[in-house]
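Each chain, written out:
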Amino acid sequence: MTRLDLTGLTTRPAQVWGGIRLVPLVRAEPVPGLRLHAEIYAGLGAVALDDGTEYLSYVPHGFVADWSGEETEPGQGNGQKAGQRASYGTQLGAGRPDTVTVHRHHRMVKRRRPGKGLSGGAATARCRFLPLHLALEGYLALHFGGPSVAWEEWSRQAVRQGFSPREEEAYLGLDVRGLADALRVFEIHPGQCGVLVHTADSLAAAFVVPHPDDYRALHPSLLQDLYGELVHQYAHFGAPVAEFEARISGRYVATLAGLRARAVAQERLWSETHGDVLARELLTESYASERVFRMGSYELRRFLPPFRRGGAEQHIGELITDHKGRTAYLKTFRLSDAQIRRGHLLSVLAAHDWRLDGTAAALSTTYEELVRRMGAAGFAPLLNEHVVARRIAETK
Amino acid sequence: MAETFADLIAAEDVLLFVNAAVTATGQREFRSDAHAQRLSLDFLHAYVCVNYRPLYAATLALDINDHNAARIIETLLRGAGEASAEEKRVEGRLIARRLAVLPPQRVYRLFRALRAARVNNRRTRAILRDWLAARPDLGHDAVKYRRGLKTAARHAHLPLGASKEGVPAEIGDFLFAPGRRTKYRHPLLDAHRRAHYEQGALYELPFTVAEGFAGRHGVGREALVERIAPRMTRLERLRTQESTGVRTERTEQRTDLTVMPVTRLALYVLSLPLDERVRRRAELTKALRAAARRTAGPYRGTWGRVAAVLDDSYSSSGSGEKRRRPLGTALACHFLLGSLAAPGAYTAWWTSGTADPLLVRPWGPTPLGTRILDALEHAPERLVIVSDGWDNAPPGLAGEVLRVWRTRLDREGRTSVVHLNPVYDTDGFDVRRLAPSVPTAGIRDAEDLPALVEIAQFAEGRTGIAELREYLDRRVALFVEDDSFCYFPGEPVGVPDGSARDGRR
């Protein structure tokens, strides 16, 4: 259980457009030796996972992390190393394709071999991963294998196949109302390496990259990311949010220097307020994180929240941390209440060895109510109806 | 006479309309689309025309942009029935004068719009006839604005076909019966006829017309541009020089940058890539300085210590339709203010913090408040802020700084602050303001800067309608100098006596 560590990132004043508030995060200096590029797929993708399962989803892009440290010097990115950069997919012409291409992705995270004609002998220092899919897969695969003990309440399917197939729905950023305009008119700060997206003043997503140039390139990719149901609703129904305007009291201001001090204090005040109020729940929550990939001194991890119910914001996500645990890359996905409930139910069930009566007691509810809840959460096919009905009749 | 509340509102409305008419062009802006701009502008025109018709007409005498000038003329002609005979006469003078200043393609477009709106009263026809009669060469118009002239002639029943002199008769035939004559006496008309089969005739035609024929004759664009260069307008030459890459010794020589208007020149400079700007630094700086000096004219060096805060944030990139317009205006203002200020007493602060005005690019946020503080530290006599009014790092700081400065630190008004805004805000029906205490004026071309600063002073206090009328009166008198009977509309009706008119002169 760890917290997110956003050391090195300072909050700059937010920019508001309609119901969307974008809070820029600025790094004094970029993270050394790590760069991030995008690969555009823009279409459906079939992703083969390590455990033999395969799933189909809209995969707009993949990120390529490069920890070779060769591109950190400014101006070197256009040199001979440019050949190693991920290329953007392009499509010219107005012809509509007859078929829909399905990209096949082998694994969520995959080490990249250097391409032909490049320095082949060098150690590979690049890997490709599918942003947000990584995090969502972490959530979907939560106790995916099914009950570890074959209690008689569990159906045969649950014991054999686990929770397959499980699915969650998300909205494309383009469908989140106002987000496209907000991103278009956003003025990127010098040195900006991240952004926090608030819809209706509730945190929707956080995005952090290691280098300002990467951010500039990836800023529009926020539009193709996945956003939870809640974010979509907030953006759709939320009214325009107010801007937090600077207020300077004219009292006791006698010189221009005094006025300047007040102005600087305003900026500091906003930065503190933001951390304490708007992003509090993201930053103070403890997360269960799992290492997915090791890249030199950096680690790619994904994390899950404790699935605490009761209205608190819960984010899942993925991040790259350096050896001190500082965040170099971060992308989060806001869970909706239903998703939190499902996660909670599964965690409690797992914690009580998949026994329904024990779980009911832990949730301080009745056996019948727990069965109803599982049905509402979409897990009804996993229970053996007859056994459950008999149990309920017995307990009555 | 005591000012009533209605008078104050009237003055406010008119100033608001002037700001809109200077900045808005019905095109896409950085933060609003073309439709929103047009909708907002439509409302303003209808509102001001219905409520303050004389003032509405008088704005034609101000430095409003061509789009709005044409809109005003169209609106005035459409609602002719609502004006009294006296008002109509003045409107007619103003319209005639304005049409003479407008570029011909705009005027032809206006005539087309009038035709589409089925406005064809006697006054409209007379205006149209007079304007066409004043054109220096109708044959040129017949070739270059063929459809426009044809529509206008047909709409106003102009007897182009049957005139005594011969040339108009030719034009009538040229437009309406192109097969009738085998030869024209007017060289351009004849060139147009020959250009259908003779390649050499191409180079006697105006560039836009020749472009069409070039495709038919299979003449390459570069070859065409090379040979037709002497017949191009200055802007066409600049444009093609960029697009075709023709940069021969001769073209360079011919496009004399120093004679261009300063805003146009600034936009041209911004369209160049950074390394080219560095390479041609001396030439560009010299041209910009010269243009600014020429524009400043009699005001040169009269403004004392001047500080400017100029916005080169990302939003100053404008839109696809108004590319880098706000930044271009800011850059032109920079050079213009440099010549307006006393020698060596001008300092500029760009929001991005750059010190090299020639290499500005639209980039980064808008920390306007901090820059204003920097500028105020130099204790200038005038502070000019050129910005679209979106202050976002942090939001609202500029307004607060200016308010505290005015109420606490500079109560006696040593520094006069003015905010010039190149972007029309559709929701507010005005340009966006930084603070209520700071006079704000819309700006499109930096050339109008001295006049706009004058207008902005009206918006500072609670100016009444009387002063505004007086100001408009003066502008109208300057604008329509050829007619001594034209006086500011809306004064007590009655024949103005000569002395009053002389006094106004």
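Keep in mind it's a predicted model, so treat the numbers as computed, not measured.

S.K.: When you look at the overall build of chain A in this model, what are you seeing that I'm missing?
M.R.: Of regular secondary structure, chain A possesses 11 helices and 16 strands. Each of the 396 residues in chain A was classed as buried or not, and the buried ones make up 48%. Long-range contacts, defined here as pairs at least 24 residues apart, represent 67% of the contacts in chain A between residues at least 6 apart. Put simply, chain A shows about 19,200 Å² of open surface, and 51% of that area lies on carbon and sulfur atoms.

S.K.: Can you help me understand helix α13 (residues 221-228) of chain B in this one?
M.R.: For an α-helix the count is 3.6 residues per turn, leaving residues at separations of three or four pointing the same way. Those residues of α13 of chain B lying buried are L224, V225 and I228 of chain B. Viewed along the axis of α13 of chain B, the buried residues span an arc of 95 degrees, placing them on a single side of the element.

S.K.: Even after reading the chapter, I still don't get the pairing of strand β10 (residues 192-199) of chain A, so can you show me in this structure?
M.R.: The two faces of the sheet receive side chains in turn, since in a regular strand these alternate between them. Residue and element names in this part refer to chain A. In terms of residue burial, β10 counts as a mostly covered element, since eight of its eight residues are buried. Bridge count between strand β3 (residues 20-27) and β10: seven bridges; the pairing is antiparallel. Its bridge partner being in β10, V23 is matched across the sheet by L196. Both β10 and strand β11 (residues 202-208) contribute to a ladder of six bridges, which runs antiparallel. Paired with G194 across the two strands is V208, which belongs to β11.

S.K.: Explain helix α7 (residues 122-133) of chain B here, please?
M.R.: With 12 residues, α7 of chain B extends 16 Å from end C-alpha to end C-alpha; this agrees with the ideal 16 Å at 1.5 Å per step. Packed against the buried residues of α7 of chain B are α3 (53-58), α4 (66-78), α5 (85-101), α6 (104-116), α8 (138-144) and α9 (146-155) of chain B.

S.K.: I tried to follow the sheet that holds strand β1 (residues 306-310) of chain B on my own but got confused; where do I start?
M.R.: Within a beta sheet, neighbouring strands are joined by backbone hydrogen bonds and run either parallel or antiparallel to one another. All names here are of chain B. The strand order across the open sheet built from five strands is β2-β1-β3-β4-β7, with neighbouring strands paired in parallel fashion. The sheet is open, and its two edges are formed by β2 (346-350) and β7 (440-442), each paired on a single side. Here the strands of the sheet are splayed against their neighbours by 20 degrees on average, with no regard to which way each runs. Note that β1 and β2 share five bridges and pair parallel. Looking at the pairing, L310 lines up with W350 of β2. Contacting β1, β2 and β3 (382-386), helix α19 (residues 325-340) runs over the sheet at an angle of about 160 degrees to β2.

S.K.: Help me understand the environment of E12 of chain B in this model?
M.R.: All names here are of chain B. On the secondary structure map, E12 appears in helix α1 (residues 5-23). Judged by its relative accessible area of 55%, E12 falls in the exposed class. Between the C-alpha atoms of E12 and R181, which are 169 residues apart in sequence, the distance is 59 Å.

S.K.: Any chance you could explain the environment of V26 of chain A here in plain terms?
M.R.: Residue and element names in this part refer to chain A. Relative to the assigned elements, V26 resides in strand β3. For the pair formed by V26 and T10, sequence separation is 16 residues and the distance between their alpha carbons is 5.2 Å. Apart from the residues lying within four places of it in its own chain, the contact partners of V26 are G8, L9, T10, R12, H189, P190, G191, Q192 and C193.

S.K.: Explain the side chain of N19 of chain B here, please?
M.R.: If you trace the backbone, N19 of chain B turns up in helix α1. Ignoring anything within four residues of it in the chain, the contact list for N19 of chain B reads D430, V431, R433, T440, A441 and G442 of chain B.

S.K.: I would appreciate a short explanation of the pairing of β1 of chain B in the present structure.
M.R.: Residue and element names in this part refer to chain B. β1 sits mainly inside the fold: five of its five residues count as buried. Going residue by residue along β1, you find V306, A308 and L310 tucked away on one face and A307 and V309 tucked away on the opposite face as well. Of the crossover connections in this fold, the one passing from β1 over α19 to the parallel β2 is right-handed. Where β1 lies against β3, five bridges are found, and the strand directions are parallel. Among the inter-strand pairings, V309 is bridged to a residue of β3, identified as I385.

S.K.: Mind showing me how you'd approach the interface of chain B and chain A here?
M.R.: One frequent convention defines the size of an interface as the accessible area lost when the parts assemble. Each partner contributes to the interface: chain B provides 28 residues, whereas chain A provides 28 residues. Carbon and sulfur atoms supply 62% of the area that chain B and chain A bury against each other, a total of about 2,500 Å² over both sides. By the criterion of area lost to chain A, the three top residues of chain B are L373, P395 and L409 of chain B, representing 21% of everything that side buries. Where chain B packs against chain A, one counts four salt bridges. Here E187 of chain A and R31 of chain B are joined by a salt bridge, their closest N and O atoms 4.0 Å apart. Residue assignment for the side of chain B that touches chain A shows that the elements contributing at least two residues are α20 (368-376) and α21 (397-409) of chain B. Ranked by the residues each element gives to the side of chain B that touches chain A, the list is headed by α21 of chain B, at eight residues. Each residue belonging to the side of chain B that touches chain A can be placed in one class, and the counts come to 15 nonpolar, seven polar and six charged.

S.K.: Even after reading the chapter, I still don't get the packing of aromatic side chains, so can you show me in this structure?
M.R.: To describe a pair of aromatic rings, you give the distance between the ring centres and the angle between the ring planes. Summed over the entire model, instances satisfying the criterion amount to 21 aromatic pairs over all chains. Here the aromatic rings of W17 of chain A and W390 of chain B are separated by 5.8 Å at their centres, their planes lie at 45 degrees, and the arrangement is tilted. Of this pair, W17 of chain A sits in strand β2 (residues 15-17) while W390 of chain B is found in the loop between β3 and α21, placing the two residues in two different chains. When the ring centre of W151 of chain A is taken as origin, the NZ or CZ atom of R355 of chain A, which lies over that ring, is 4.8 Å away. The ring of W363 of chain B is capped by R361 of chain B, whose NZ or CZ atom sits 4.9 Å from the centre of that ring.

S.K.: Looking at this structure, how should I read the packing of α6 of chain B against α9 of chain B?
M.R.: Packed helices, taken two at a time, are described by the angle between their axes plus the distance between the axes. All names here are of chain B. Contact geometry for α6 and α9: axes closest at 9 Å, N-to-C directions at 45 degrees. If you check the angle between α6 and α9, you find them oblique. The element α6 and its partner α9 pack so that their crossing is left-handed. Mapping the contact onto sequence places Y108, F111, R112, L114 and R115 in α6 and G148, L149, T151, A152, R154 and H155 in α9.

S.K.: What is the right way to read the packing of helix α10 (residues 367-376) of chain A against helix α11 (residues 385-395) of chain A from this model?
M.R.: Residues and elements named next belong to chain A. For the pair α10 and α11, the least separation of the axes is 9 Å and the interaxial angle reads 150 degrees. Taken together, the axes of α10 and α11 are roughly antiparallel relative to one another. On α11, the residues touching Y367, E368 and V371 of α10 are V388, R391 and I392.

The rules behind these values
Residues numbered from 1 in each chain as written. Chains lettered and ligands numbered in written order. Predicted model: local features only at pLDDT ≥ 70, side-chain atom pairs only at ≥ 80, totals over all residues. Heavy atoms only, no water. Helix = DSSP H or I, 4+ residues; strand = E, 2+ residues; numbered from the N terminus. Buried < 20%, exposed > 50% of the residue type's maximum accessible area, 1.4 Å probe, protein only. Contact = heavy atoms within 4.5 Å. Areas by Shrake-Rupley, 256 points an atom, 1.4 Å probe, with all protein chains shown as cover. Arc of directions from axis to C-beta. Pairing = 2+ DSSP bridges. Expected span 1.5 Å × (residues − 1). Axes fitted to C-alpha atoms, helices over the stretch in contact; angles between N-to-C directions. Right-handed = clockwise from strand over helix to strand, strands pointing away. Buried area = accessible area lost by both parts, 1.4 Å probe. Salt bridge = Lys/Arg side-chain N within 4 Å of Asp/Glu carboxyl O. Nonpolar A, V, L, I, M, F, W, Y, C, P; charged D, E, K, R; others polar. Phe/Tyr/Trp six-rings, centres within 6.5 Å; stacked < 30°, edge-to-face > 60°. Lys NZ or Arg CZ within 6 Å of the ring centre and 35° of its normal. Parallel < 35°, antiparallel > 145°, perpendicular 65-115°, else oblique. Left-handed = near helix turned anticlockwise from the far one by under 90°.

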